[in-house]
Amino acid sequence: MSKITKYLNQLITGNVFDAPEILEKYSTDQSALKITPKLVAFPESTADIQKLAKFFHQLSEKNIRVPVTARGSGLDEVGADLSTGIIISTEKLNHLEEIDTRERLVRVQAGITIKELNTALKVSGLTLPVKANDNETIGSLIANCPTDNYAAKYGGIMHFIERAEIVLANGECIQTGRLGSHAISRKANEKTLEGRIYQKLSEIASKNSTLLEKIKNESVSSAGYSSIPYAIKKNTIDLLPLFFSSEGSLGIISEVIIHAEVLEPRATRMVVTFSSLKSTANFLSNVIKQKPLELNIVDLRILRTAEESGKNLSKITRKLQSGYAVFVSFNEKSLRSNKKIRECVKYIPSTSSYIVDSAETESIIDEFENSIVSYLNLPSDGERIPLASNFYLPARNFINFVKDLSELEPKLRMDLPIFGSFATSNYSIRPKFKTSDPKFEQRFAAFLQAMDIIIRRQEGSIAGGTPEGRVKALVTNKYMSQEEKALYKEVKAAFDPNNIMNPDVKLGTDNSFTLKHLKTTKTPRIML
Ligand SMILES: Cc1cc2nc3c(=O)[nH]c(=O)nc-3n(C[C@H](O)[C@H](O)[C@H](O)COP(=O)(O)OP(=O)(O)OC[C@H]3O[C@@H](n4cnc5c(N)ncnc54)[C@H](O)[C@@H]3O)c2cc1C
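Owing to the predicted nature of the structure, the values given are computational and were not obtained by experimental measurement. (Residues numbered from 1 in each chain as written. Predicted model: local features only at pLDDT ≥ 70, side-chain atom pairs only at ≥ 80, totals over all residues. Heavy atoms only, no water.)

**Here we look at the sheet that holds strand β3 (residues 68–71)**
In step 1: Reading across the sheet, the four strands line up as β1-β2-β4-β3 and stay open at both edges, with mixed pairing between neighbours. Every interior strand has two partners, whereas the edge strands, β1 (15–17) and β3, have only one. Shown here is a sheet whose adjacent strand axes are inclined to one another by a mean of 20 degrees, direction ignored.
In step 2: Sheet analysis places strand β2 (residues 39–42) next to strand β4 (residues 86–89), joined by three bridges and oriented parallel. Along β4, the bridge assignment pairs Leu 39 with Ile 86. (Pairing = 2+ DSSP bridges. Helix = DSSP H or I, 4+ residues; strand = E, 2+ residues; numbered from the N terminus. Axes fitted to C-alpha atoms, helices over the stretch in contact; angles between N-to-C directions.)

Here it is as structure tokens:
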């Protein structure tokens, strides 16, 4: 154990490790990267996080810069939870601290997972209606701010967070809240990092009003700090919106107050299969008017692959050579949901077939819902690496995008079946890569670049549904305007003057470092 590890163990109640086997465990996530940290810490309180942040801030003041990376469950798909410095894991900060069922307010530590939270809330007839992986932590849901499949109906995580407690880069702990101009002036005069942040944001607001308006009206990407127009509003500032999609680069979220929703009835589901893109698109554009809980599309090739791994989907795929399956669900009272399902049926052509939830079909629809996981996890001869995951594509350009995609397949010599949510305009394409292939790096780069081009051609954004991290940053940093970059760099510098909070994500990404850390790459041969 190094001296520094021993010192940190004396400093905090939780634990700090530098054993190689622990560092190895925290060197990967769900992305294509492997980056080994020097230390992994498990704080047990906000005070522990503060002590750790303060220690590394003091080192940075002496020009010893150790990157500090917050981490929840380590499921990130773009390498934003990896670090060359210290990982601060929130695994032990998973308590539900307080619940006010009348006001529907709940106070939690940032490391609580969505499953733990919703299991606890269910007893009180409440829920956080965000569709996420069971193990995603609340802190990371804020730091990542994914467009989840329920967001068209419920608005996504941003809609439910009232306030957060945040540990800043120098160890100061702040509570977020919207401040008016007098309170901002008072804060800006304080000799604290928080005071400096308000001072800098006030300056940013006064000199960038046109740019802020442009980002608010035109940006479809969560790259950079594009939520800044929601932080700075009409002479008021709330720091909280900046933390959505911040990927741990502005501070560490330690506690959160959530406004919970009333638990709705279990959803009634329907799956419809189409042989043509045109009839699929027609169905989607009519069903969206019914305001479903979910409205998802899946290329039938994905279901065929899931069938090969044992899923029983023949009642859905039938004998169709090609086509799409659409999943619709409504979670209103059963009479109303059933009425909406009947309305949807009117848009199903006679050549298509459909299944609605019933005692006989329930397990088939359950298997359908699990088929994506099966598709993603089971290729025997490769990996479905997340590169073009959760991208935004406007509904009006969906057909054109799918046509572009089919032209790209022979060029890249890849199968590119699409899946995602039409309701939230959020899609993914996860082709198979052989990481042992000597041409893996070239194929990785060619795919990422080609996807970025065709997504932008149809007015979408590769970082639309989740931010850029290290991986998507390979392309997003290339196309972001200079004025936007300059603005976001000012924001980062205001919060993190010595650049230690997860400095290697977003605009801090070093492309050659990222490519060098592809899981199987020894010697990088490509430059993006
Ligand atoms: C099977 C599977 C399906 C997935 N599906 C989706 C999907 O549909 N949509 C989607 O968007 N994502 C999806 N993901 C990706 C993943 O769920 C998200 O990236 C999620 O945010 C990860 O949660 P986590 O707790 O593991 O966070 P981590 O991976 O540990 O961290 C994610 C980011 O949040 C930051 N962070 C974590 N905690 C804090 C904190 N307390 N304070 C400040 N920053 C913090 C980290 O630094 C990092 O940048 C999927 C992943 C898997 C494995």
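**Here we look at a positive patch on the surface**
In step 1: Positive charge collects at one region of the surface, where Arg 178, Lys 216, Lys 233 and Lys 234 lie side by side.
In step 2: With respect to the helices, strands and loops of the structure, Lys 234 is situated in the loop between β10 (232–233) and β11 (236–237).
In step 3: For Lys 234, a relative accessible area of 81% corresponds to the exposed category. (Patch = residues over 30% accessible without salt bridge, like charges linked within 9 Å, V, L, I, M, F, W, Y side chains within 5 Å. Areas by Shrake-Rupley, 256 points an atom, 1.4 Å probe, with all protein chains shown as cover. Salt bridge = Lys/Arg side-chain N within 4 Å of Asp/Glu carboxyl O. Lys, Arg positive; Asp, Glu negative; His and termini not counted. Charge placed at Lys NZ, Arg CZ, Asp CG, Glu CD. Buried < 20%, exposed > 50% of the residue type's maximum accessible area, 1.4 Å probe, protein only.)

**Quick look at the nonpolar core**
In step 1: Counting 77 residues, the largest nonpolar core has Phe 56, Ile 138 and Ile 258 as the members making the most contacts within it.
In step 2: The biggest single contributor to this core is helix α3 (residues 46–61), with six residues.
In step 3: Among the nonpolar cores identified, the runner-up in size contains 56 residues, and Ala 388, Phe 398, Ala 423 and Phe 433 belong to it. (Core = buried A, V, L, I, M, F, W, Y, C linked by side-chain atoms within 4.5 Å.)

**A short note on the pairing of strand β5 (residues 96–100)**
In step 1: Taken together, the four bridges between β5 and strand β6 (residues 105–109) define a ladder with antiparallel strand orientation. Along β6, the bridge assignment pairs Asp 100 with Leu 105.

**Brief notes about the packing of helix α7 (residues 181–188) against helix α8 (residues 193–207)**
In step 1: For the pair α7 and α8, the least separation of the axes is 7 Å and the interaxial angle reads 125 degrees. When the axis of α7 is compared with that of α8, the two are oblique. For the crossing formed where α7 meets α8, the hand is left-handed. Across the interface between the two elements, Ile 184, Lys 187 and Ala 188 from α7 touch Glu 194, Gly 195, Tyr 198, Gln 199 and Ser 202 from α8.
In step 2: When grouped by side-chain class, the residues that make up the contact of α7 with α8 number three nonpolar, three polar and two charged. (Parallel < 35°, antiparallel > 145°, perpendicular 65-115°, else oblique. Left-handed = near helix turned anticlockwise from the far one by under 90°. Contact = heavy atoms within 4.5 Å. Nonpolar A, V, L, I, M, F, W, Y, C, P; charged D, E, K, R; others polar.)

**Some details on the side chain of Thr 466**
In step 1: Structurally, Thr 466 is set in the loop between α18 (440–457) and α19 (473–479).
In step 2: The class for Thr 466 is buried, based on a relative accessible area of 11%.
In step 3: A distance of 3.0 Å separates polar atoms of two side chains, one belonging to Thr 466 and the other to Lys 472.
In step 4: With near-sequence residues (within four places) excluded, Thr 466 lies in contact with Asn 144, Pro 146, Ser 222, Ser 389, Asn 390 and Lys 472. (Polar contact = N/O pair within 3.5 Å; in protein donor to acceptor, adjacent residues only side chain to side chain.)

**Notes on the sheet that holds strand β15 (residues 294–299)**
In step 1: Within the open sheet, the seven strands sit side by side as β17-β14-β16-β15-β19-β20-β18. Their pairing is antiparallel. Only two strands of the sheet have a single partner each, and these edge strands are β17 (353–356) and β18 (388–392). In this sheet, neighbouring strand axes are inclined to one another by 15 degrees on average, regardless of whether the strands run parallel or antiparallel.
In step 2: Bridge count between strand β19 (residues 418–421) and strand β20 (residues 426–429): four bridges; the pairing is antiparallel. Looking at β20, one finds that Gly 420 is bridged to Tyr 427.
In step 3: Most of the contacts of helix α16 (residues 362–377) go to strand β14 (residues 268–274), to which it runs at about 65 degrees, and overall it touches β14, β15, β16 (324–330), β17 and β19.
In step 4: Sheet strands touched by α18: β18 and β20. Its angle to β18, the strand with the most contacts, is close to 15 degrees.

**Examining unusual backbone geometry**
Note: most residues except glycine have negative phi, and most peptide bonds are trans.
In step 1: The backbone of Glu 247 shows a phi angle near 50 degrees, a positive value even though the residue is not glycine.
In step 2: Among the secondary structure elements, Glu 247 is positioned in the loop between α11 (240–243) and β12 (252–259).
In step 3: Its identity as a non-glycine residue notwithstanding, Asn 390 has a phi of 55 degrees, on the positive side.
In step 4: If you trace the backbone, Asn 390 turns up in strand β18.

**A look at the site of the ligand**
In step 1: Lining the immediate environment of the ligand, one finds 29 residues, of which Ala 70, Gly 72, Asp 81, Glu 136 and Asn 144 sit closest.
In step 2: Asn 144 is positioned with one of its side-chain polar atoms (N or O) 2.6 Å from an oxygen atom of the ligand.
In step 3: Here an oxygen atom of the ligand sits 3.4 Å away from a polar atom, N or O, in the main chain of Glu 247.
In step 4: When the free accessible area of the ligand is taken as 960 Å², the share hidden by the protein chains comes to 88%.
In step 5: Mapped by element, the contributors of at least two residues to the shell around the ligand are β3, α5 (138–144) and β12.
In step 6: Looking at the shell around the ligand, the element that brings in the most residues is α5, giving four residues. (Near = heavy atom within 4 Å.)

**Some thoughts on the packing of aromatic side chains**
In step 1: In total, this model carries 16 aromatic pairs according to the counting rule given.
In step 2: Between the aromatic rings of Phe 398 and Phe 422, the centroid separation amounts to 6.2 Å while the plane-to-plane angle is 85 degrees, which identifies the pairing as edge-to-face. In this pair, Phe 398 sits in helix α17 (residues 398–412) while Phe 422 sits in the loop between β19 and β20, placing the two residues 24 residues apart along the sequence.
In step 3: By relative accessible area, which is 8% here, Phe 422 ends up buried.
In step 4: For Arg 384, the ring lying beneath its charged end belongs to Tyr 375, and the centroid distance is 3.9 Å. (Phe/Tyr/Trp six-rings, centres within 6.5 Å; stacked < 30°, edge-to-face > 60°. Lys NZ or Arg CZ within 6 Å of the ring centre and 35° of its normal.)

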